[in-house]
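Each chain is listed here by its residues.
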Amino acid sequence: MHTVILDRSAPQAATPLLSPAQMLGLVAVIGLLHLTAAYSFLLFHTLVEILRIVVLGGIFVLAWHSRRWSANNFLLIIGTGTLFVAGLELLHTLSYKGLNLFPGRDANLPTQLWIAFRYLEAASFLFAALAIGRSHSPHRLVLGYGFITAAIAAAVFSGYFPDCYIEGSGLTPFKVYSEFVLIGLFGLSLAILLARRDHFTPHVLQLIVAAVVFGALTEVAFTQYVGVFDYANEVGHYLLLVSTYFLYRAMLVTGIVAPFDLLFRSLKQNESQLEARVAERTRALRESESLNTAFLDNSPAVIYLIDRTGRYTLANAAFERLAGRPKCDILGRTPFDLWPTETATELDRNNHLVIETGVPMLISERLGSGIDTRFFETSHFPLLDPSGAVVGAGGIATDITEHRLAEERYGIMIRTSMDAFVLIDAAARILEVNDACCTLTGYTREELLGLSIQDIEAAMDTQAVHRTIEHVEREGAARFDSVLRRKDGEQRDIEVSIQCLNHIVEARLFCFIRDITERKRTMARIDYLAHHDTLTGLPNKRLFQEKFAPLAARALAAQRRLALAYVDLDNFKNVNDTLGHVVGDSLLREVAQRLNTLLGEGDRLCRISGDEFLLLLDNVGDQASVAARAGEILSQMATPVHVDGHELSSTVSVGLALFPEDGTDFDTLYKKADTAMFQAKAAGRNVFRFFDEAMHAEAIERIALLAELRGAIERNELRLHYQPQIDLETGALIGAEALLRWERTDQQMTPPGLFIPLAEDSGLIVPIGTWVLHEACREAMRWQQQGLPPMVVAVNLSAVQFHRTDLLETVRNALALSGLPAARLELELTESLLIGDTDAALDTVRQLKALGVRLSIDDFGTGYSSLAYLKRFAVDKLKIDQSFVRSMDKEPSNATLVRTIVQMAHNLGLKTIAEGVEHEGLIAQLRNLQCDEAQGYHFARPMPPDAFASWATAFAARIAARREPENA
């Protein structure tokens, strides 16, 4: 018995591998997938894998339900294997790079799962080819495949499966060699299939061979694989999809098309043959007894005659075979002598009903019981004598058992299908449905059978429905998306697949309906997330850029001017660092709402990232009108924002680029608006700036400077200079402030005010600050070992360093590696570090104090000076900003401010140090104000370490010489 139920002895018409419609559909699917790959490779990969997993599931269902009429089990083995291949492939899809459904897993996991399911698939083909002609238990196949699949999955997730991809190195040799092994397995399977081709019908063999060949070609494509998103990867997935399609076609032909095509053709052929034979044999009986005998003995139908008493008077050879008795043991007996009581009673009743009424009848009868039951379609007719009197009855019974079984299988497949099934006629009337259709529509079967397609179709009117039916009758099949209206009024998105079947009377249309509502919602959600910012709901940069091109084209045609405004919040990082990201997010949402209120007709707004927004202002007129719009933005943003109990004043800096003067494409305008925004930041923030070419040159210089700064530590270009700190009462050297300098390879010193803001904005301040801390401690310890007077080294901490969780460990390591006592290290903090998230700041200060280091407030008086935070934080010293000190001898108000700070500090038990002391007169004035310490150019400028050591030695000698006369 062959793999499929097609009669190989009957002439077979040549069947092309793919019909033009199938070929066109396959090309269209691949084309759409290619466009998806160009847009998002992750989306492309997910769609291809999901499509293949769905098809593999369909193959399994077809194989499982067709096993009863398939003998050599080739497609049963392949179909059973597809279920478990689909399981591994689903894991591969969910673990693919970008989905992040397996945290902590890198690209090795999806690559291992790829090789795993491809090995399982290739092995299935080889096993199925070797098993042709042998019988296998379907349930044992499921258990075997399940065990193998579980073992493979366990090996992959437990780490016992060989690595296939290593981050930074790429594909492993095992992965590369596996592709060639898989090609060999597919090639061996193909050779065995061709050697045993007589077990298949030609068309099924062509489809299976094509599936194997394209499976091998898939691996050939992946031998050229280099990267996750390369062309070989994309082509390999197309070939894999085509291979799966051919296998699906093979299973479809075997499981549905072939058997039911044969069934319908057989029914029609048997019906016409039976009618012809009955007419022919009837004439033969009247013409010749010999012809009657020949007809009776050669008829495949069971024929018999009985008299009025119910005894058999004639039985043909088919009757003898059915009864299992020779004719001599049949004639003269009644049905009760030949058949079981139940069957005999039914036959006798039907025979006597014809005799009594004299009316022929066509009826279905059953013979036997259990697995031996046979079904017949019997034509009962009366026997008349020449006078017209009924003298007996006859019967012609056709065995329709196989037809009944085929109909039952067909019904089971339809009823158990997960897709809704609807059978309609050419007038769109519903003739039959399955349970899935009732579930989908909300109607009962009886209600649906009284409706037409127009009653549940929500996307097409009556004319459109009939045009679709005419198209399907003309083309044979169709597939499209539509909308279904449920009984409760809810509308669901559906995918409809229609096949036209030419019925005896009129065409019938088989409709399979799949609910794709959730799929469409998911795709819409994915599309929304890909084009919108999740925090503010605003379009993101990608969508903004897509919308820009048509707007720019219309503006250019209408000779209108556009303006691109780059809006960046000022000091937003301080909000996140001090108040937390929850407050920061709330502030960003409020800013987005305020910017939205400023949009005019035709304007566009998006959030780029972080605290940056883009506004496209339409039809803005001259530069003055653009400036007015920018002023509105600044004014609107300057109003305080109330967020979670905090009143925040968050200004913005705005950079402006004009279309078409500054550029006609998005990228050019974006870069120039960005450059102008940085100029607005440099100008003091809370201002706007128009782009000009000088800005561009400055931005290029800034980028180049940042690039050099990234390698400054490795190139040993950073230096520390030290400025002495003097005790005003004794005149002794008590400490030194470490000040960062950058001496580039061209021996040129870069001002700190130029590169330190760059370091803070780029995050480089963290490694640079760590280096400064270690270097200052090391140098201070070296001075101590050289015998210099005991002194404290002061190091500035940036806000980024202060809020890092590893700050305490960094300070501890610097002290441990250098050997410097903690009391000899002073960390200078700015006031802004200690406001906002005071609990976190207080905890950090307490931990630093526990180490034994000293803490001082730098630039005191310029920020949020507050007795409240000074009382909470256990700092040691206030550093009075030089802007007050330098002019205190000329501006009484500054002297008053310095006096107030000193008195407040002393009242709180804190010391004070004045910076910016540049002449002797300031020293006397500071002593009168009882300031404790001072530093400035009057004592010394910042010096390299060795120069500072020499200066300190000489300074100590001078102090000692000055004290000798006093002691004498």
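Predicted model, so just to flag it, every value in this text is computed and none were measured. (Residues numbered from 1 in each chain as written. Predicted model: local features only at pLDDT ≥ 70, side-chain atom pairs only at ≥ 80, totals over all residues. Heavy atoms only, no water.)

1. Some words on helix 3 (residues 74-94)
Using the following cut-off: Helix numbering and strand numbering both begin at the N terminus, where a helix is a DSSP run of H or I of at least 4 residues and a strand a DSSP run of E of at least 2. Any helix carries an expected span of 1.5 Å times its number of residues minus one. Summary of the burial criterion: residues with accessible area below 20% of their type's maximum are buried, those above 50% are exposed, and those between are partly exposed, where the area comes from a 1.4 Å probe applied to protein chains only.
Spanning 21 residues, helix 3 covers 30 Å between terminal C-alpha atoms, matching the ideal 30 Å at 1.5 Å per step. The element helix 3 is largely enclosed, with a buried count of 16 among its 21 residues.

2. Brief notes about the environment of serine 649
Relative to the helices and strands, serine 649 is located in the loop between strand 17 (646-648) and strand 18 (652-659). Of the residues examined, serine 649 reaches a relative accessible area of 59% and is grouped as exposed. Note: C-alpha distance between serine 649 and threonine 639 (ten residues apart in sequence) is 6.7 Å.

3. A closer look at the pairing of strand 20 (residues 718-727)
Basically, it comes down to this: Note: two strands are recorded as paired if DSSP finds a minimum of 2 bridges between them.
Counting buried positions along strand 20 gives nine out of ten residues, so the element sits mostly inside the fold. Bridge count between strand 20 and strand 21 (residues 733-743): nine bridges; the pairing is antiparallel. Paired with isoleucine 726 across the bridge in strand 21 is leucine 733. Linking two consecutive strands that pair antiparallel, namely strand 20 and strand 21, is a turn of five residues; a positive phi of about 80° is found at glycine 731 within it. Bridging between strand 20 and strand 28 (residues 933-935) involves two bridges; their strand directions are antiparallel. Within the sheet, the bridge partner assigned to aspartate 727 lies in strand 28 and is glutamate 933.

4. Overview of the confidence of the model for the protein
Rules: Per residue, pLDDT captures the predictor's confidence, and it can take any value from 0 to 100. Any two residues whose heavy atoms approach within 4.5 Å at even a single point are treated as in contact.
With 87% of its residues at a pLDDT of 70 or more, the protein shows a mean pLDDT of 82. A low-confidence stretch, residues 1-12 (pLDDT under 50), is modelled with 29 contacts involving residues beyond four sequence positions or located in other chains.

5. Thoughts on the packing of helix 3 against helix 5 (residues 138-158)
Condition: Between N-to-C directions, angles cover 0 to 180 degrees, with each direction set by a line fitted to C-alpha atoms, over the stretch in contact for helices. Roughly parallel covers angles under 35 degrees, roughly antiparallel covers those over 145, roughly perpendicular covers 65 to 115, and oblique covers all other angles. By the definition used in this description, the sense in which the near helix is turned from the far one sets the handedness, with an anticlockwise turn below a right angle giving left-handed and a clockwise turn giving right-handed. The residue classification treats Ala, Val, Leu, Ile, Met, Phe, Trp, Tyr, Cys and Pro as nonpolar and Asp, Glu, Lys and Arg as charged. All others, Gly included, are polar.
Between helix 3 and helix 5, the least distance of the axes is 10 Å, while the angle of their chain directions is 25°. The angle between helix 3 and helix 5 places the two elements in the roughly parallel class. Here helix 3 and helix 5 pass one another in a crossing that is right-handed. Touching Leu76, Ile77, Thr80, Gly81, Phe84, Leu88 and Leu91 of helix 3 are Pro138, Leu141, Val142, Tyr145, Gly146, Thr149, Ile152, Ala153 and Phe157, all from helix 5. In terms of residue class, the contact of helix 3 with helix 5 is made up of twelve nonpolar, four polar and no charged.

6. Quick look at the sheet that holds strand 14 (residues 604-609)
Taken in spatial order, the five strands line up as 14-15-13-18-19 in an open sheet, and their pairing is mixed. Strands with a single pairing partner mark the edges of an open sheet, and in this sheet they are strand 14 and strand 19 (688-690). Each adjacent strand pair in this sheet contributes to an overall mean axis angle of 20°, direction not counted. Relative to strand 18, strand 13 (residues 562-569) runs antiparallel, the two sharing eight bridges. Bridge pairing links aspartate 568 to serine 653 in strand 18.

7. Digging into the sheet that holds strand 6 (residues 374-384)
Reading across the sheet, the five strands line up as 4-3-7-6-5 and stay open at both edges, with antiparallel pairing between neighbours. Either end of the sheet is taken by a strand with one partner, and the two such strands are strand 4 (312-315) and strand 5 (361-367). Taking the axes of each pair of neighbouring strands and ignoring which way they run, one obtains an average angle of 25° across the sheet. Across seven bridges, strand 5 lies against strand 6 in antiparallel orientation. Looking at strand 6, one finds that glutamate 365 is bridged to phenylalanine 376.

8. Quick look at the pattern of salt bridges
Note the cut-off: The rule for a salt bridge is simple: a side-chain nitrogen of Lys or Arg has to be within 4 Å of a carboxyl oxygen of Asp or Glu.
For the structure shown, the criterion picks out 38 salt bridges. Between arginine 486 and glutamate 490 there is a salt bridge whose closest N-O contact spans 3.5 Å. The exposure class assigned to glutamate 490 is partly exposed, which follows from its relative accessible area of 32%. Note that glutamate 918 is salt-bridged to arginine 886, the shortest N-O span being 3.0 Å. In this pair, glutamate 918 sits in the loop between strand 27 (911-915) and helix 32 (920-928) while arginine 886 sits in the loop between helix 30 (882-885) and helix 31 (892-907), placing the two residues 32 residues apart along the sequence. Sharing partners across several salt bridges, the network here consists of Arg52, Glu89, Arg118, Glu121 and Glu219.

9. Brief notes about the environment of leucine 758
Relative to the helices and strands, leucine 758 is located in helix 24 (residues 752-762). Along the chain, leucine 758 and leucine 709 lie 49 residues apart, while their C-alpha atoms are 8.6 Å from each other.

10. Considering a positive patch on the surface
Applicable threshold: Patches were defined on residues exceeding 30% relative accessible area and lacking a salt bridge, with like-charge contacts within 9 Å and nonpolar side-chain contacts (Val, Leu, Ile, Met, Phe, Trp, Tyr) within 5 Å. Residue exposure ignores everything except the shown protein chains as possible cover, and the areas themselves are Shrake-Rupley values with a 1.4 Å probe. Asp and Glu are treated as the negative residues and Lys and Arg as the positive ones, with His and the ends of the chain left uncounted. Where a charge sits is defined by one atom per residue type, namely NZ (Lys), CZ (Arg), CG (Asp) or CD (Glu).
On the surface, Arg927, Arg958, Arg962 and Arg963 cluster together to form a positively charged patch. For the positive patch, the leading source of residues is helix 33 (residues 945-967), giving three residues. Structurally, arginine 963 is set in helix 33. Owing to a relative accessible area of 35%, arginine 963 belongs among the partly exposed residues under this scheme.

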